[in-house]
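Secondary and tertiary structure notes
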Amino acid sequence: MNEPRHDPGLYGRSFADVYDSWYPGGDEAQIVEFLSEELSPGARVLEWGVGTGRVALPLTDAGFTVTGADSSPEMLAHLRSKDPAGSVEPVLADAGDPASWPETVRRGGFDCVLAGCNLLLNLTAEGAQQACVAGSAALLATGGVFVCEMSPVLLPDTRSVHTTSSSAEVGGRLLVTTDADPGSGIVRGRHHQDGADGPVLRRWEIRALDRPTLRGWCDAAGLTEAGGFANWDRDAPDGAHPVLD
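Everything in this summary refers to the structure shown in the same document. Not measured: the values here are computed from a predicted model. (Residues numbered from 1 in each chain as written. Predicted model: local features only at pLDDT ≥ 70, side-chain atom pairs only at ≥ 80, totals over all residues. Heavy atoms only, no water.)

Of regular secondary structure, the chain possesses eight helices and eleven strands. Its C-alpha radius of gyration of 18 Å places the chain within 12% of the 18 Å reference for a compact globule of 245 residues. Overall, the C-alpha framework of the chain stretches about 50 × 45 × 40 Å when taken along its three principal axes. Every one of the 245 residues in the chain was classed for burial, and the buried ones make up 47%. Across the chain, every contact between residues at least 6 apart in sequence was considered, and the portion connecting residues at least 24 apart equals 57%. Just so you have it, the chain exposes about 11400 Å², and 50% of that area is on carbon and sulfur atoms. (Helix = DSSP H or I, 4+ residues; strand = E, 2+ residues; numbered from the N terminus. Rg over C-alpha atoms; globule rule 2.2 N^0.38 Å. Buried < 20%, exposed > 50% of the residue type's maximum accessible area, 1.4 Å probe, protein only. Contact = heavy atoms within 4.5 Å. Areas by Shrake-Rupley, 256 points an atom, 1.4 Å probe, with all protein chains shown as cover.)

Encoded structure:
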């Protein structure tokens, strides 16, 4: 498979209108508690992939100063509608392209850069994941931490296309097709939804990334691992939430 053309706004265009109803979360309190144990009150947090503010808004309620960056204008529009007081500073930025980051991000000085909800996997351009890690490290204030939530992606030995049917999220028929290519490390997905006004196609792409590779990039960026946990409750070591400073 040829290297895909990077489209940083793809996911937001596809899912912004249904994100909160399809993916209501439920781990926000644990994330706030996790970061509260890592950071001082009032700390400055940059969240990559802020989306509709599912995590950022509870963080501001907890007293943190949050800049929320997303590559999707549609996602940021939903965030603004949920945050009329402007408690989160919304920024349009592609996490995987540091050269394009606006001044409000490049000025740095953040006590925490949060790449949650598999943000790194959504950076599909070649080199974008490593660029995000290195760029994020450069944005940290002295003693700052980079927190990354990442689930493993198990690629097949050969290219594989699967389609499954679900109605859980939408109350109607939803066909989900995934095309996984171990050669490129890319998984492409299509949600075929029977919408009220006709068929809707929602697309997404991710690039597989393993934890040893992530750890190597963090080492190269000067980040020292402070801990790795299987979940936000810290009840198992060496899991999906590495914290580096």
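What follows picks up the thread again.
For the rest of this paragraph, the subject is the side chain of T67. With respect to the element layout, T67 can be found in strand β2 (residues 65–70). According to the relative accessible area criterion, T67 is buried, its value standing at 3%. In terms of polar contacts, T67 uses its side chain to reach the side chain of E89, at 3.1 Å. When near neighbours in sequence (up to four residues on either side) are disregarded, T67 contacts V45, L46, E47, E89, V91 and F110. (Polar contact = N/O pair within 3.5 Å; in protein donor to acceptor, adjacent residues only side chain to side chain.)

Moving on, we come to the pattern of salt bridges. In the structure shown here, the tally under the stated rule is twelve salt bridges. With a shortest N-O distance of 3.1 Å, K82 and D20 are connected by a salt bridge. In this pair, K82 is assigned in helix α5 (residues 73–82) and D20 in helix α2 (residues 19–22), connecting sequence segments 62 residues apart. By relative accessible area, D20 is classed as partly exposed at 34%. With its nearest N and O atoms 3.5 Å apart, the salt bridge here joins E103 to R106. (Salt bridge = Lys/Arg side-chain N within 4 Å of Asp/Glu carboxyl O.)

Note that soluble globular proteins tend to have their nonpolar side chains buried in a common cluster. In terms of nonpolar packing, the biggest core is built from 39 residues, with W48, L120 and F146 touching the most fellow members. Residue assignment for this core shows that the elements contributing at least two residues are β1 (44–48), β4 (110–115), α7 (128–138), β5 (140–148), β7 (174–181), β9 (198–207) and α8 (211–220). At four residues, the largest contribution of residues to this core is made by α7. By size, the runner-up hydrophobic cluster in this structure holds 23 residues, among which are L35, A56, V66 and L114. (Core = buried A, V, L, I, M, F, W, Y, C linked by side-chain atoms within 4.5 Å.)

Another point: the sheet that holds strand β8 (residues 186–195). Taking strand neighbours across the sheet as the criterion, the four strands line up as β6-β7-β8-β9 in an open arrangement whose pairing is antiparallel. Every interior strand has two partners, whereas the edge strands, β6 (160–166) and β9, have only one. With direction set aside, neighbouring strand axes in the sheet form an average angle of 15°. With eight bridges connecting them, β7 and β8 associate as antiparallel partners. Residue pairing in the sheet places T177 in a bridge with R190 of β8. (Pairing = 2+ DSSP bridges. Axes fitted to C-alpha atoms, helices over the stretch in contact; angles between N-to-C directions.)

This next bit is on the pairing of β4. Burial of β4 is extensive: five of the six residues sit out of reach of the surface. The sheet contact formed by β1 and β4 spans four bridges and is parallel. Residue E47 lies in a different strand from β4, and its bridge partner there is L114. Of the strand pairs in this sheet, β4 and β5 are connected by five bridges, and their pairing is parallel. Looking across to β5, one finds that L114 is bridged to V147. In this fold, the crossover linking β4 to β5 by way of α7 has right-handed handedness. (Right-handed = clockwise from strand over helix to strand, strands pointing away.)

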